[in-house]
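So you can see what is in the structure, the chains are spelled out below.
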Amino acid sequence: MTYRLTLEGEDTLHLLYDPKDSTLIREDGDGDQIVHPAFTAEGPVSWPVPRRVSPDNPGRKAGVRTLKIQMGFKCNYACAYCNQASWNTFLGGAVEDAKLFLRNLDTWFATAAAAKDGGGDLRIEFWGGEPFVYWAKLKILGDELRRRYPRARFNVITNGSLLDDEKIDWLIARRVGVQISHDGPAQKYRNPEDILDDPEKCRLIRRLMTAAGQLGDADGPSNDGPVFGFGFGTVLTRWNCSLAAVRRHIEDKLAVPPGSISSNTEEILLPYDDDALACTPQSDADHRAALHTLFAEAANGMTVPGCNSVRGKIEDFLESLGKKRPLAALGQKCGMDREDTIAVNLMGEVTTCHNVSADDPHHNLGNVRDLDAVRLDTAHHHQTRDECRSCPVVQLCKGSCMFLEGKYWQAACDVSFTYNTAMLAAALYYLTGMTLTRIDALNGAFIRRPDTTSTEVIRLARTDQADAIDA
């Protein structure tokens, strides 16, 4: 599974890259591995090999370290490309369900290694729909879980529209990190109203930013308590694939200096239904524009280091080269294939992930009352997918969505390939100072699908004998 990477600058450079063992060498060289000096390994690295989950080889859940609590899919928004829209029949139960969940928690969770020592190795996430629709339940859950696990990392994802001072006081006191979903200039396609047009909401968000600056700690829980973090999360769609435009929009609306916000991206929208499918890049021209925009912003320092997920992906790839990370060591992008990561609703029903409902029999994996019997039989590890086994960016993509199938999987694979090819090009630019223009599969191989043996990456325009990115 070796690919020839053509890079151009003042000269042309051909590299051979094998994602199976993370080797990158010059085609005409002596076979020495090309690595970034900041990401070199001092000796051999031992790699655990995760289970390759599939319907025929289902995963299990045990020793939980990441607990995702799904409170219900009720939301005060109706976004066109919500990845939970197909499962919004489960609206969540009464406050008593939260109390029952807490009473039963010790019967299956307290034995987890992460729950020891105050939960210092534990992450708990609160999910909706819109979690603050469930404010009464969220308070009950957060108060008691913080009492039990004072050192755990808590997090909630919200559209931000229901925030007020009472909720922010509680979030800060309980150290519940917050991520606001916002798509910058494309926010109008999610909801007619932009919360950043409301001066009061902007004031509240600046409160969260200030608290994160005072209480945040990149190294984890401190003697003063667990981390409190705040940031924005973005989904890219056919209406906008510029992460820099998202940052500018948010910072301008908040009237804060450039570089003030912390941001992440879920990358280009993965379509779970037909409505979402219509929101993804539709044509080859759409994909090319997204590819060029994402590369140019990363290479020109507009999203590195500003966007945490872009920087993290580039550094992860460079580290994979330095440590020669084998493909067999990679789990799925989302981490939901992991044995120690679980999504559960307040009735104790375990689901494939937090974005699907236990009301769907296909995604109902069992109940925590009998955790030993829970089987993850809805997922497809990337090395069980034909496209992933023949993909030059699989080390960056890590398999896209693990449960999508059919036309939704094909579309998800396409948009993930576009995004992660841009990230590969950006990583190689930081490594070599040159631009990735072409990828060729060698020795009769292909790229994702049998009819594709090569792909153009960044298209360079020749202007007055100088190279420029043709955006």
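All figures in this text were calculated on a predicted structure; none of them were measured in a lab.

### Points about the overall build of the chain
And then number 1: A tally of regular secondary structure across the chain gives eleven helices and 16 strands.
And then number 2: For 471 residues, the compact-globule formula gives about 23 Å, and the C-alpha radius of gyration of the chain, at 23 Å, lands near that figure.
And then number 3: Projected onto its principal axes, the C-alpha coordinates of the chain cover approximately 70 × 50 × 45 Å.
And then number 4: Buried residues in the chain amount to 55% of all 471 residues.
And then number 5: A sequence separation of at least 24 residues applies to 70% of the contacts in the chain between residues at least 6 apart.
And then number 6: With an accessible surface of roughly 19,900 Å², the chain has 47% of that area assigned to carbon and sulfur atoms.
And then number 7: Measuring between centres, the 53 positive side-chain charges of the chain sit 4 Å from its 65 negative side-chain charges.

### Let's talk about the layout of surface pockets
And then number 1: The computed volume of the second largest pocket comes to approximately 460 Å³.
And then number 2: Taken together, 18 residues line the second largest pocket, and the ones lying closest to its centre are Asp284, His287, Phe417, Arg448 and Thr455.
And then number 3: At the level of elements, helix H7 (284-299), helix H11 (406-432) and strand E14 (454-456) are the ones that each hand at least two residues to the lining of the second largest pocket.
And then number 4: Of the residues assigned to the lining of the second largest pocket, the class counts are three nonpolar, eight polar and seven charged.

### Comments concerning the nonpolar core
And then number 1: The biggest cluster of nonpolar side chains holds 126 residues, and the ones touching the most others in it are Leu5, Ile69, Trp108, Phe126, Leu141, Leu145 and Leu254.
And then number 2: If you tally residues by element for this core, the top one is H11, at 14 residues.
And then number 3: With sequence-adjacent residues up to four places away left out, Phe126 is seen in contact with Ile69, Met71, Pro131, Leu138, Leu141, Gly142, Leu145, Phe154, Asn155, Val156, Ile157 and Val176.
And then number 4: One finds Tyr81, Val235, Leu269 and Cys279 within the second-largest nonpolar core, a separate group that totals five residues.

### A closer look at the packing of aromatic side chains
And then number 1: In this structure the tally under the stated criterion is eleven aromatic pairs.
And then number 2: Geometrically, the ring pair formed by Trp135 and Trp170 is edge-to-face, given 5.4 Å between the ring centres and 90° between the ring planes. Of this pair, Trp135 sits in helix H2 (residues 135-148) while Trp170 sits in helix H3 (residues 165-173), and the two are 35 residues apart along the sequence. Across the pair, Trp170 and Trp135 agree in class, each one buried.
And then number 3: Between Phe230 and Phe232, the aromatic rings sit 5.4 Å apart at their centres with planes inclined by 75°, giving edge-to-face as the arrangement.

### Examining the pattern of salt bridges
And then number 1: Overall, the coordinates contain 34 salt bridges when judged by the stated rule.
And then number 2: Across the salt bridge formed by Asp164 and Lys167, the nearest N and O atoms sit 3.0 Å from each other.
And then number 3: Between Asp316 and Lys398 there is a salt bridge; the shortest N-O distance is 2.9 Å. Linking Asp316 in helix H8 (residues 308-323) with Lys398 in the loop between helix H10 (394-397) and H11, this pair joins segments that are 82 residues apart in sequence.
And then number 4: Bridged by salt links that share partners, the residues Asp165, Asp169, Glu200, Arg203 and Arg207 form one connected network.

### Side note on empty space enclosed by the protein
And then number 1: Within the structure shown, the criterion is met by three cavities of 30 Å³ or more.
And then number 2: A volume near 80 Å³ is recorded for the largest cavity.
And then number 3: Lining the largest cavity are 13 residues, with Cys388, Cys391, Cys397, Cys413 and Arg448 positioned closest to its centre.
And then number 4: Those elements giving two or more residues to the lining of the largest cavity turn out to be helix H9 (386-389), H10 and H11.
And then number 5: Here the element with the most residues in the lining of the largest cavity is H11; it accounts for four residues.
And then number 6: In this structure, the second largest cavity spans a volume of roughly 50 Å³.

### Some points on the side chain of Lys398
And then number 1: Given the relative accessible area of 17%, Lys398 is considered buried.
And then number 2: Polar side-chain contacts of Lys398 include one of 3.3 Å to the backbone oxygen of Gln395.

### Things to note about the sheet that holds strand E13 (residues 435-441)
And then number 1: Taken in spatial order, the five strands line up as E3-E2-E1-E13-E14 in an open sheet, and their pairing is antiparallel. Each having just a single partner strand, strand E3 (23-26) and E14 make up the two edges of the open sheet. In this sheet, neighbouring strand axes are inclined to one another by 25° on average, regardless of whether the strands run parallel or antiparallel.
And then number 2: With respect to the sheet, H11 is in contact with strand E1 (3-8), E3, E13 and E14, its orientation differing from that of E13 by roughly 120°.

### Here's the deal with H2
And then number 1: Helix length check: H2, at 14 residues, gives a terminal C-alpha distance of 20 Å against a target of 20 Å (1.5 Å per residue), a fit within 8%.
And then number 2: Buried within H2 are the following residues: Trp135, Lys137, Leu138, Leu141, Gly142, Glu144, Leu145 and Arg146.
And then number 3: Lining the buried residues of H2 we find strand E4 (66-70), helix H1 (95-108), strand E5 (123-127), strand E6 (153-158) and H3.

### Considering the environment of Pro192
And then number 1: Its place among the elements puts Pro192 in the loop between strand E7 (176-181) and helix H4 (199-215).
And then number 2: The class of Pro192 is exposed, set by a relative accessible area of 78%.
And then number 3: Separated by 113 residues in sequence, Pro192 and Cys79 place their C-alpha atoms 9.4 Å apart.

### Section: the packing of H2 against H3
And then number 1: For the pair H2 and H3, the least separation of the axes is 11 Å and the interaxial angle reads 20°. When the interaxial angle is binned, H2 and H3 end up roughly parallel. The handedness of the crossing between H2 and H3 comes out as left-handed. Facing Trp135, Leu138, Lys139, Gly142 and Asp143 of H2, the residues of H3 in contact are Glu166, Lys167 and Trp170.
And then number 2: In terms of residue class, the contact of H2 with H3 is built from three nonpolar, one polar and four charged.

Thresholds applied
- Residues numbered from 1 in each chain as written.
- Predicted model: local features only at pLDDT ≥ 70, side-chain atom pairs only at ≥ 80, totals over all residues.
- Heavy atoms only, no water.
- Helix = DSSP H or I, 4+ residues; strand = E, 2+ residues; numbered from the N terminus.
- Rg over C-alpha atoms; globule rule 2.2 N^0.38 Å.
- Buried < 20%, exposed > 50% of the residue type's maximum accessible area, 1.4 Å probe, protein only.
- Contact = heavy atoms within 4.5 Å.
- Areas by Shrake-Rupley, 256 points an atom, 1.4 Å probe, with all protein chains shown as cover.
- Lys, Arg positive; Asp, Glu negative; His and termini not counted.
- Charge placed at Lys NZ, Arg CZ, Asp CG, Glu CD.
- 1 Å grid on protein atoms, 1.4 Å probe; cavity = no way out; pocket = protein on both sides within 12 Å on 5 of 7 lines; lining within 4 Å.
- Points joined across faces, edges and corners; volume = space filled by probe spheres on them.
- Nonpolar A, V, L, I, M, F, W, Y, C, P; charged D, E, K, R; others polar.
- Core = buried A, V, L, I, M, F, W, Y, C linked by side-chain atoms within 4.5 Å.
- Phe/Tyr/Trp six-rings, centres within 6.5 Å; stacked < 30°, edge-to-face > 60°.
- Salt bridge = Lys/Arg side-chain N within 4 Å of Asp/Glu carboxyl O.
- Polar contact = N/O pair within 3.5 Å; in protein donor to acceptor, adjacent residues only side chain to side chain.
- Pairing = 2+ DSSP bridges.
- Axes fitted to C-alpha atoms, helices over the stretch in contact; angles between N-to-C directions.
- Expected span 1.5 Å × (residues − 1).
- Parallel < 35°, antiparallel > 145°, perpendicular 65-115°, else oblique.
- Left-handed = near helix turned anticlockwise from the far one by under 90°.

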